[in-house]
Amino acid sequence: MLRPIVRYGSHGLHAPATRVAAFDAPLQTLIDDMIETMYAAPGIGLAAPQIGVPLRVCVIDLSVGKRGGELLALVNPEFIERDGMQLEEEGCLSIPGFSATVPRPNRVVVKASDRDGNERTIEGSGLLARALQHEIDHLDGRLFLDRLRGIKRDIIVRKIKKLQRGGKW
Ligand SMILES: [Zn+2]
(Lines give C-alpha, C1' and ligand atoms only; values in the text may rest on other atoms or scores of the structure.)
Protein backbone atom coordinates (compact mmCIF):
# COMPACT_ATOMS: atom_id res chain seq x y z
CA MET A 1 0.00 0.00 0.00
CA LEU A 2 1.23 3.48 -0.85
CA ARG A 3 1.76 5.64 2.23
CA PRO A 4 1.85 9.44 2.26
CA ILE A 5 5.35 10.88 2.70
CA VAL A 6 5.55 13.49 5.45
CA ARG A 7 7.53 16.68 4.90
CA TYR A 8 10.04 18.84 6.73
CA GLY A 9 8.35 20.28 9.83
CA SER A 10 6.40 17.11 10.65
CA HIS A 11 7.36 16.26 14.24
CA GLY A 12 8.31 12.60 13.67
CA LEU A 13 10.93 13.55 11.07
CA HIS A 14 12.86 15.49 13.68
CA ALA A 15 12.87 12.88 16.46
CA PRO A 16 14.98 9.70 16.86
CA ALA A 17 13.22 6.44 15.91
CA THR A 18 12.93 3.33 18.10
CA ARG A 19 14.72 0.02 17.51
CA VAL A 20 12.63 -2.79 16.02
CA ALA A 21 12.14 -5.62 18.52
CA ALA A 22 9.91 -8.05 16.59
CA PHE A 23 10.28 -9.32 13.02
CA ASP A 24 6.57 -9.96 12.76
CA ALA A 25 3.82 -9.57 10.14
CA PRO A 26 3.29 -5.83 10.78
CA LEU A 27 7.02 -5.26 10.10
CA GLN A 28 6.75 -7.19 6.81
CA THR A 29 3.77 -5.04 5.77
CA LEU A 30 5.63 -1.89 6.76
CA ILE A 31 8.65 -2.86 4.63
CA ASP A 32 6.46 -3.80 1.63
CA ASP A 33 4.65 -0.46 1.89
CA MET A 34 7.95 1.42 2.15
CA ILE A 35 9.32 -0.29 -0.98
CA GLU A 36 6.14 0.48 -2.94
CA THR A 37 6.12 4.09 -1.72
CA MET A 38 9.84 4.57 -2.55
CA TYR A 39 9.41 3.23 -6.11
CA ALA A 40 6.27 5.30 -6.70
CA ALA A 41 7.85 8.55 -5.47
CA PRO A 42 10.28 7.73 -7.21
CA GLY A 43 13.27 7.72 -4.90
CA ILE A 44 16.41 5.72 -4.13
CA GLY A 45 15.76 5.51 -0.39
CA LEU A 46 13.05 5.87 2.22
CA ALA A 47 13.09 5.70 6.01
CA ALA A 48 10.10 4.69 8.16
CA PRO A 49 9.82 8.12 9.89
CA GLN A 50 9.15 9.57 6.42
CA ILE A 51 5.81 7.73 6.37
CA GLY A 52 5.10 8.61 9.99
CA VAL A 53 6.34 5.35 11.56
CA PRO A 54 8.94 5.96 14.32
CA LEU A 55 10.93 2.73 13.81
CA ARG A 56 14.54 2.12 12.75
CA VAL A 57 13.77 0.72 9.29
CA CYS A 58 14.91 1.97 5.89
CA VAL A 59 14.87 0.79 2.30
CA ILE A 60 17.38 1.67 -0.45
CA ASP A 61 17.48 0.80 -4.15
CA LEU A 62 19.89 2.85 -6.25
CA SER A 63 18.26 1.45 -9.42
CA VAL A 64 14.72 2.43 -8.24
CA GLY A 65 13.55 -1.12 -9.01
CA LYS A 66 15.09 -1.25 -12.51
CA ARG A 67 17.74 -3.85 -11.65
CA GLY A 68 17.09 -6.92 -9.56
CA GLY A 69 19.15 -7.60 -6.47
CA GLU A 70 19.82 -3.97 -5.56
CA LEU A 71 17.03 -3.58 -3.05
CA LEU A 72 18.13 -3.30 0.57
CA ALA A 73 15.71 -3.40 3.50
CA LEU A 74 17.62 -2.56 6.66
CA VAL A 75 16.36 -2.94 10.21
CA ASN A 76 18.24 -1.34 13.15
CA PRO A 77 21.21 -0.31 10.95
CA GLU A 78 24.42 0.91 12.64
CA PHE A 79 27.73 2.19 11.32
CA ILE A 80 30.79 0.04 11.90
CA GLU A 81 33.16 2.13 9.79
CA ARG A 82 33.11 5.52 8.04
CA ASP A 83 35.99 7.04 6.12
CA GLY A 84 37.00 9.37 3.30
CA MET A 85 35.04 12.38 2.08
CA GLN A 86 32.64 13.09 -0.79
CA LEU A 87 30.86 16.29 -1.72
CA GLU A 88 27.72 15.74 -3.82
CA GLU A 89 24.29 17.19 -4.47
CA GLU A 90 21.63 15.65 -2.25
CA GLY A 91 17.84 15.82 -2.04
CA CYS A 92 15.11 14.22 0.07
CA LEU A 93 11.55 13.05 -0.58
CA SER A 94 10.53 14.92 2.60
CA ILE A 95 12.03 18.19 1.28
CA PRO A 96 10.70 18.22 -2.30
CA GLY A 97 12.04 20.88 -4.63
CA PHE A 98 15.24 21.56 -2.70
CA SER A 99 18.74 20.14 -2.89
CA ALA A 100 22.17 21.08 -1.64
CA THR A 101 25.77 19.95 -1.72
CA VAL A 102 26.37 17.93 1.43
CA PRO A 103 29.75 16.67 2.67
CA ARG A 104 29.71 13.00 3.73
CA PRO A 105 32.22 10.20 4.32
CA ASN A 106 32.89 8.40 1.02
CA ARG A 107 32.83 4.86 2.35
CA VAL A 108 30.81 3.19 5.08
CA VAL A 109 30.32 -0.25 6.53
CA VAL A 110 26.91 -0.81 8.09
CA LYS A 111 25.65 -3.64 10.24
CA ALA A 112 21.90 -4.28 10.06
CA SER A 113 19.26 -6.98 10.24
CA ASP A 114 17.40 -7.96 7.09
CA ARG A 115 13.61 -8.23 7.13
CA ASP A 116 13.78 -11.74 8.57
CA GLY A 117 16.05 -10.71 11.44
CA ASN A 118 19.28 -12.11 9.98
CA GLU A 119 22.26 -9.88 10.69
CA ARG A 120 24.30 -8.74 7.71
CA THR A 121 27.04 -6.29 6.82
CA ILE A 122 26.81 -3.86 3.89
CA GLU A 123 29.80 -2.00 2.52
CA GLY A 124 29.20 0.95 0.25
CA SER A 125 31.09 3.82 -1.33
CA GLY A 126 30.02 6.84 -3.37
CA LEU A 127 26.26 7.01 -3.90
CA LEU A 128 25.48 3.89 -1.84
CA ALA A 129 27.48 5.27 1.10
CA ARG A 130 25.61 8.56 0.75
CA ALA A 131 22.20 6.84 0.64
CA LEU A 132 23.02 4.73 3.70
CA GLN A 133 24.06 7.83 5.65
CA HIS A 134 21.06 9.85 4.50
CA GLU A 135 18.62 7.11 5.57
CA ILE A 136 20.33 6.36 8.89
CA ASP A 137 20.29 10.12 9.57
CA HIS A 138 16.49 9.94 9.19
CA LEU A 139 16.39 7.26 11.90
CA ASP A 140 18.24 9.68 14.18
CA GLY A 141 15.79 12.49 13.39
CA ARG A 142 18.28 14.31 11.17
CA LEU A 143 17.70 15.66 7.65
CA PHE A 144 20.29 16.68 5.07
CA LEU A 145 19.47 20.31 5.89
CA ASP A 146 20.82 19.71 9.39
CA ARG A 147 24.19 18.84 7.79
CA LEU A 148 24.43 22.25 6.10
CA ARG A 149 26.11 25.25 7.57
CA GLY A 150 24.42 28.49 8.64
CA ILE A 151 23.39 30.54 5.67
CA LYS A 152 22.91 27.68 3.19
CA ARG A 153 20.51 26.02 5.62
CA ASP A 154 18.77 29.28 6.58
CA ILE A 155 17.96 30.13 2.96
CA ILE A 156 16.21 26.79 2.36
CA VAL A 157 14.42 26.84 5.74
CA ARG A 158 13.15 30.36 5.04
CA LYS A 159 11.77 29.27 1.64
CA ILE A 160 10.05 26.24 3.24
CA LYS A 161 8.50 28.43 5.95
CA LYS A 162 7.15 30.70 3.25
CA LEU A 163 5.59 27.71 1.45
CA GLN A 164 4.14 26.50 4.76
CA ARG A 165 2.57 29.90 5.44
CA GLY A 166 1.07 29.88 1.96
CA GLY A 167 -0.37 26.39 2.51
CA LYS A 168 1.81 25.00 -0.29
CA TRP A 169 3.87 22.54 1.81
ZN1 LIG B 1 15.45 11.85 3.02
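Please read these numbers as outputs of a predicted model, since none were measured by experiment.

Undergrad: In this structure, what is going on with helix H3 (residues 150-165)? I would like to understand it.
TA: The periodicity of an α-helix, 3.6 residues per turn, causes residues three or four places apart in sequence to face the same way. Over its 16 residues, H3 extends 22 Å from the first C-alpha to the last, a length consistent with the 22 Å expected when each residue adds 1.5 Å. The complete set of buried residues in H3 reads Ile156, Val157 and Ile160. Angular distribution of buried residues about the axis of H3 spans 100°; they occupy a single face of the element. Those residues of H3 that are exposed and angled more than 90 degrees off the buried face are Ile151, Arg158, Lys162 and Arg165. On its buried side, H3 packs onto strand E5 (99-104). Phi for Gly167, located one or two positions after H3, is positive at around 70°.

Undergrad: Looking at this model, I keep getting lost on the layout of surface pockets. Mind explaining?
TA: By rolling a water-sized probe across the atoms, one finds the places where empty space is left. The volume enclosed by the largest pocket comes to roughly 250 Å³. Contributing to the lining of the largest pocket are 16 residues, with Ile44, Glu90, Gly91, Cys92 and His134 lying nearest its centre. Here the element with the most residues in the lining of the largest pocket is helix H2 (residues 126-139); it accounts for six residues.

Undergrad: Explain the packing of aromatic side chains here, please?
TA: Centre distance and the angle of the planes are the two values used to describe a pair of aromatic rings. Within this structure, the stated rule accounts for one aromatic pair. Arg7 extends its terminal NZ or CZ atom over the ring of Trp169, reaching a point 5.1 Å from the ring centre. Above the face of the Phe79 ring, Arg82 is positioned so that its terminal group lies 4.0 Å from the ring centre.

Undergrad: What's the story with the coordination of the zinc ion in this structure? I'm lost.
TA: Every protein donor of the zinc ion is accounted for by Cys92 (SG), His134 (NE2) and His138 (NE2), and the metal-donor separations fall at 2.0 to 2.2 Å. On the primary sequence, the residues serving as donors to the zinc ion are separated as C-x41-H-x3-H. Here His134 and its partner His138 are both found in helix H2, four residues apart, which amounts to about one turn of the helix. Each member of the pair, His134 together with His138, is buried.

Undergrad: In this structure, what is going on with the pairing of strand E2 (residues 57-60)? I would like to understand it.
TA: Burial of E2 is two-sided: the residues Val57 and Val59 facing one way and the residues Cys58 and Ile60 facing the other way are all buried. Here strand E1 (residues 45-47) pairs with E2 via three bridges, running antiparallel. Note that in E2 the partner of Leu46 across the bridge is Val59.

Undergrad: Which parts of the structure should I look at to understand the environment of His14?
TA: Position of His14 among the secondary structure elements: in the segment before helix H1 (25-40). Accessibility expressed as a relative area gives 33% for His14, which makes it partly exposed. When the C-alpha positions of His14 and Ala41 are compared, they lie 21 Å apart, and in sequence the two are 27 residues distant. Looking at His14, its side chain comes within polar contact range of the main-chain nitrogen of Gly9, at 2.9 Å.

Undergrad: I keep staring at the sheet that holds strand E7 (residues 119-125) and nothing clicks. Help me out?
TA: Hydrogen bonding along the main chain pairs the strands of a sheet, whether they run parallel or antiparallel. Read from one edge to the other, the open sheet built from five strands follows the order E1-E2-E3-E6-E7, with strand pairing classed as antiparallel. The open sheet is flanked by E1 and E7, the only strands paired with a single partner. Mean inter-strand twist for the sheet, computed between neighbouring axes without regard to direction, equals 35°. Looking at chain direction, strand E3 (residues 72-83) and strand E6 (residues 107-113) are connected through six bridges and run antiparallel. When the sheet's bridge partners are listed, Phe79 is paired in E6 with Val110. The sheet contacts of H2 involve E1, E2, E3, E6 and E7, and relative to E7 the element is tilted by about 125°.

Reading the values: rules and limits
Residues numbered from 1 in each chain as written. Predicted model: local features only at pLDDT ≥ 70, side-chain atom pairs only at ≥ 80, totals over all residues. Heavy atoms only, no water. Helix = DSSP H or I, 4+ residues; strand = E, 2+ residues; numbered from the N terminus. Expected span 1.5 Å × (residues − 1). Buried < 20%, exposed > 50% of the residue type's maximum accessible area, 1.4 Å probe, protein only. Arc of directions from axis to C-beta. Contact = heavy atoms within 4.5 Å. 1 Å grid on protein atoms, 1.4 Å probe; cavity = no way out; pocket = protein on both sides within 12 Å on 5 of 7 lines; lining within 4 Å. Points joined across faces, edges and corners; volume = space filled by probe spheres on them. Phe/Tyr/Trp six-rings, centres within 6.5 Å; stacked < 30°, edge-to-face > 60°. Lys NZ or Arg CZ within 6 Å of the ring centre and 35° of its normal. Donors = N, O, S within 2.8 Å, 3.2 Å for Na, K, Ca; no water. Pairing = 2+ DSSP bridges. Polar contact = N/O pair within 3.5 Å; in protein donor to acceptor, adjacent residues only side chain to side chain. Axes fitted to C-alpha atoms, helices over the stretch in contact; angles between N-to-C directions.

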